[in-house]
Amino acid sequence: MSPGSVEMGDIKRSRILNGSSRKVDSMEARLLNFCKSGLSLDDEATKEALRLFRETKHILFAIIAAPDSGNPEDHERFWFASVLYTVKQLIGGNSVNKGNQADNDTGFTLYQILKVSKIKIASFLNEMPQFFIKADSILSKLYGNDWEKKLQAKELQANFVHMTFLCRHFKRAYQDFFLSGNDLQDKSLSAVANGGGPVSTYLRFGWMLFLALRIHVFSRFKDMVTCTNGLVSILAILILHVPIRYRRFSLDDSTRFVRKCDKGVDLISSLSNIFHASEVDLLETSKVANNLIVEILNKTPRPASECQAEELKDIDTDAFSYFEGLMEESSLVSSIQILEKDYEDAIYDRGELDERMFVNEEDSLFGSGSNSGGSVTVSGVKRKFDSISSPTKTITSTPSPRGSPVASPVKESSATASIKMPPPTPVSTAMTTAKWLRTVIAPLPPKPSTELGHFLSSCDRDITADVSHRARIILEAIFPSSSPGERCVAGSLQSASLMDSIWAEQRRMEALKLYYRVLAAMCRAESNRLRSRNLTSLLTNERFHRCMLACSAELVLATHKTVTMMFPAVLERSGITAFDLSKVIESFVRHEETLPRELKRHLNNLEERILESMAWEKGSSMYNSLIVAKSSLSAEINRLRLLADPLPSLDAIAMQYGAPTAIPQRTEASSDPNVDTPSSPQRLATTVVSNETTGVTGEHNSFVSPVKERSSAFSAFPGKSRQPPLQSAFASPTRPNPYGGGETCADTTIYVFCQKVLKLAAIRIKCLSDRLQQPNLAMEQVYRLLNLVLREQTGIFFNRHIDQVILCSFYGIAKIQLLNLTFREIINNYRKQPQCKPQVFRNVFVESRRYGRSGHETVDIIAFYNRVFIPAVKPLLVKFAPSESSVEQSHGSEDTEKSDGPSPGSPGSSPFQRLPDMSPKKVSATHNVYVSPLRSAKMENLNSHNSKSYYACVGESTHAYQSPSKDLTAINNRLNRSRRVSSRLNFDDPGLVSDSVVAGSLYPSQSSLHLTSDSVLSQSQSQSQSQSVLLASSASPIKHK
């Protein structure tokens, strides 16, 4: 490169730097104006927001600079909103300058942030995770490693989805019982919300009363089932107080209302039948709602049985209270205003969503996209709703319709079928599942059954007391009665802590009874298999019992669809890892025959998540088994510090989560030498080395192939996986497996785990291959390559998602097989997969080294493919290359058939000389186009698979290689165009010349092909330079939004 070119480059870089600095100054000025004028923040909050923005601005610039990234202004507004929400949640406190605000302003809340930034809530929740993933290390440095727990972003997303479903459920139920806003002839009774359509004032009053119930009563455990009971209780209050002229129903409808002998309609029993709710819970919630009306609205209740109101006629009113004048038109609007003021005061310091907007879907923050009409759009918001509303689809069966609890219709009784019930929804599905827990599990005794007691007492010693003690500590940690330092928001309202304690005690009892029930069934099955009632090795295993308790608690939480205790919270509180839990999921489902399908799907979803990513994360106990099963990986596992921490003691869990402590008892792990004793990673690594040195493990330390070689990679799997006995699954990894023919327990455990991983990968490969319309041969090769990577390059999966390896395997096979498939097509079709998450291809873990220090960073899927996947997998990928004889045969036939003469439209190029004349020849009288023959040595290099480029490239071919004649036609057509060629590559342009085209006709170097025609020259040179190595650049097919 000449000195002049260096100078010009320096000048260009300085201009870019100056432009970037000006851009930073203008962005900071806009953020400052956003904080001061838009939100009226004080100096402290504004200073913290500017500090976080300065730390993360380089990430924002990288996103904006990426090709096809969208509107920079939209990215900037999303970034501002994410920064301010993070500051609000992590620094806490009231950071608003009240002097500049109206008295009724809610202050620094998320709703206000989104309103000022003109971002819809669905768009923000969809893009927010990308901010946290990219800024993970920065947030940890500024706010500590526990910033994610304090931020509660996942809870915010789940709460938004739940509230959306609850509000729709309430609207549907209200419109089924009462006239809606559009049906009201008296427009004074129809409120028009902010820019929205008419909404019945009674509907708005009911929703505000429900929000008061959530804020003051359901303070910590805002699960969907409890909130639905609250909505049904509010509906009962409306039925008793809304004037009769607004009713849609008739109390004489025997299919809907249940009657007592002479007392009229039993309203609570009728509503519980319609909505699958608990009568006891409805009565209790109705009493609490009446107390809120008394304390917030200052209304005086009277026993409904003493009142003669028209609305109470023909209703059994023994269990109800009545508020005279509660629904009078003169006081109804003022009551709503009081409830709204109470709600504003309650959420002022929390920074939560303003849940009043849900009652009116025409709110400006509803929907997807940005209010400014920018290019940032949100995909998959509806899919996100579905994934949270009901557990994800099984990997082996066809998913049921959205919101449906079952895939096939269930025959109903004639009485139920005649009721005008809404179609199945996530809310109704949750209530149906909760009914199973209430009717099947709740009646069981909260202690081991007689049969289970016999198994516990038949061990080497009676462990009944130990089992009960452990269950009490673990379940108290998962369902605490009170939260340390929690204060009651409502001040004088004391029902919140009481309701929380009652809720937690009920959930503990349900989980405990389910645990004892399934444990008894497992012991029965193990006893039959081993033909012995002495199950000491299993029943004295600490990890096994914690997994069983965690699984039972997770099913209870999934039934009620809690927001504050989402998976994997139960793992942390029970001291186990996701890989531990996966060992009992299959047995749990098999031994509980009455388990509803929704809960089976939930467990299937958890197992899928564990297999695809959670088991490969740092700290997974899978590595403690893998380091024994494949000792060659011990160095890498220890270098990355992937081993799991020791199993925490029960006393440590009790102290951390405030569980009731008891007299310290001897742990089962220390009393039995066969039990998996908690050990440190260093100790485990030392044990592995010593075993290898002494030859204890011998050849069984070699990695067992997860799947035996088959004629076809997609040949049928066995009906059931080789599930080892539970004793082997939870035994120490270094123990010999008595059922494995000389293998260690780690060998068997890793075998079963890898078999499940390959089965999940096979299904996803099949689905993606069908979307890409690839032949079966390519599909099988992708699977075989993934199998080889898992077996011989296992480290590729460490700290990563298996879908990332699948995507790279697809592209690697496409490159080696010369398929017409680009990374963009693969990513676009992967987006349509039900399990797709943008972070899978946007954020891939890679190791990095900066300033002499090793660390890690996240890159997009193409950078991972080029930097990590190809260097490690290329020796395996070469095995799938087609034979050279077949390639030459196919190319020869193509040349014979398709290169009969000069291409039509050619500018009259002269034929090549037979003698090797390497000098360029001018081939056009009107264009400065020169060509030179391709050197034979370089031709051999291009045709050699060993030196073939497997890397991802910006200028990938948009069509397969045809022949020199036809491909030169495409080049000539581009030369003959009069329009100026765009300097930006267009992937969809069919005339784009690929590296394979140039390699098959002309040598792509400066000395071989000279295009001196202005823009054509610059484009051709840039193409030849980039395509000679085929390295990926920032112009990836991934849109950063």
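Rules of the game
In this numbering scheme, every chain counts its residues from 1 along its sequence in written order. With the structure being a predicted model, the display of local features is reserved for residues of pLDDT at least 70 and the display and counting of side-chain atom pairs for 80 or more, all residues being used for whole-chain, interface and lining totals. Note that the side-chain values use all heavy atoms of the structure and ignore hydrogens as well as water. Any Lys or Arg side-chain nitrogen located within 4 Å of an Asp or Glu carboxyl oxygen qualifies as a salt bridge. Counting from the N terminus, the helices are the DSSP runs of H or I reaching at least four residues and the strands are the DSSP runs of E reaching at least two. Remark: exposure states derive from per-residue accessible area (1.4 Å probe, protein chains only) relative to the maximum for the residue type, with buried under 20%, exposed over 50%, and partly exposed in between. Every angle, taken between N-to-C directions, lies between 0 and 180 degrees, and every axis is a line fitted to C-alpha atoms, over only the stretch in contact when it is a helix. Under this scheme an angle from 65 to 115 degrees is roughly perpendicular, one under 35 degrees roughly parallel, and one over 145 degrees roughly antiparallel; angles in between are oblique. A crossing counts as left-handed when the near helix is turned anticlockwise from the far one by less than a right angle, and as right-handed when that turn is clockwise. Whether two residues are in contact is decided by their heavy atoms, any of which lying within 4.5 Å being enough. Under this grouping Gly is polar, as are all residues other than the nonpolar Ala, Val, Leu, Ile, Met, Phe, Trp, Tyr, Cys and Pro and the charged Asp, Glu, Lys and Arg. Aromatic pairs are defined between Phe, Tyr and Trp rings, using the six-membered ring for Trp, whenever the two ring centres lie within 6.5 Å; interplanar angles under 30 degrees are classed as stacked, those over 60 as edge-to-face, and all others as tilted. What makes a nonpolar core is a set of buried Ala, Val, Leu, Ile, Met, Phe, Trp, Tyr and Cys residues whose side-chain atoms join them at distances within 4.5 Å.

Student: How should the pattern of salt bridges be read in this particular structure?
Tutor: A side chain with one charge may pair with a side chain of the opposite charge, provided their charged atoms come close. Scanning the model with the defined rule gives 38 salt bridges in all. Residue Glu-857 is joined to Arg-867 by a salt bridge in which the shortest nitrogen-to-oxygen separation is 3.3 Å. A residue pair is termed long-range when its members are at least 10 positions apart, and Glu-857 in strand β8 (residues 853–859) and Arg-867 in helix α36 (residues 861–877) qualify at 10 residues. Accessibility expressed as a relative area gives 42% for Arg-867, which makes it partly exposed.

Student: What is the right way to look at the packing of helix α31 (residues 745–772) against helix α32 (residues 776–792) in this model?
Tutor: Geometry of a packed helix pair, given as the angle between the helix axes and the separation of the axes. Running from N to C, α31 and α32 cross one another at 150°; their axes reach a closest spacing of 10 Å. Here α32 runs roughly antiparallel to α31, going by the angle between their axes. The two elements α31 and α32 cross, and the hand of that crossing is right-handed. Across the interface between the two elements, Cys-754, Leu-758, Ala-761, Ala-762, Ile-765, Lys-766 and Ser-769 from α31 touch Met-779, Val-782, Tyr-783, Leu-786, Asn-787 and Leu-790 from α32. Considering only residue class, the contact of α31 with α32 consists of 10 nonpolar, two polar and one charged.

Student: Whenever I open this one, the packing of aromatic side chains confuses me. Can you help?
Tutor: Aromatic ring pairs are reported here in terms of the distance separating the ring centres and the angle at which the planes meet. Counted according to the given criterion, the structure contains 27 aromatic pairs. An angle of 45° between the planes, with centres 5.8 Å apart, marks the rings of Phe-132 and Trp-147 as tilted. Note that Phe-132 is positioned in helix α5 (residues 121–134) and Trp-147 in helix α7 (residues 147–151), a separation of 15 residues in sequence. Judged by relative accessible area, which is 5%, Trp-147 ranks as buried. Look at Phe-544 and Phe-730: their rings are 5.4 Å apart centre to centre, the planes differ by 70°, and that puts the pair in the edge-to-face class. Of the two residues, Phe-544 sits in helix α21 (residues 542–560) while Phe-730 sits in helix α30 (residues 726–730), which places them 186 residues apart along the sequence. A network of ring pairs unites the aromatic residues Tyr-174, Phe-177, Phe-178, Phe-249 and Phe-257 as a single cluster.

Student: So what exactly am I meant to see when it comes to the side chain of Thr-226 here?
Tutor: Assignment of secondary structure puts Thr-226 in helix α10 (residues 224–241). With relative accessibility at 14%, the residue Thr-226 sits in the buried group. Beyond its immediate stretch of four places on either side in the chain, Thr-226 contacts Phe-218 and Trp-503.

Student: In this structure, what is going on with the nonpolar core? I would like to understand it.
Tutor: In a soluble, globular protein the nonpolar side chains are often hidden away together inside. Formed by 138 residues in total, the largest nonpolar core has its most connected members in Phe-479 and Trp-616. Those residues in contact with Trp-616 that sit more than four places away from it in its chain are Leu-611, Met-622, Tyr-623, Phe-753, Val-757, Leu-790, Thr-794, Phe-797, Phe-798, Asn-799, Arg-800 and Ile-802.

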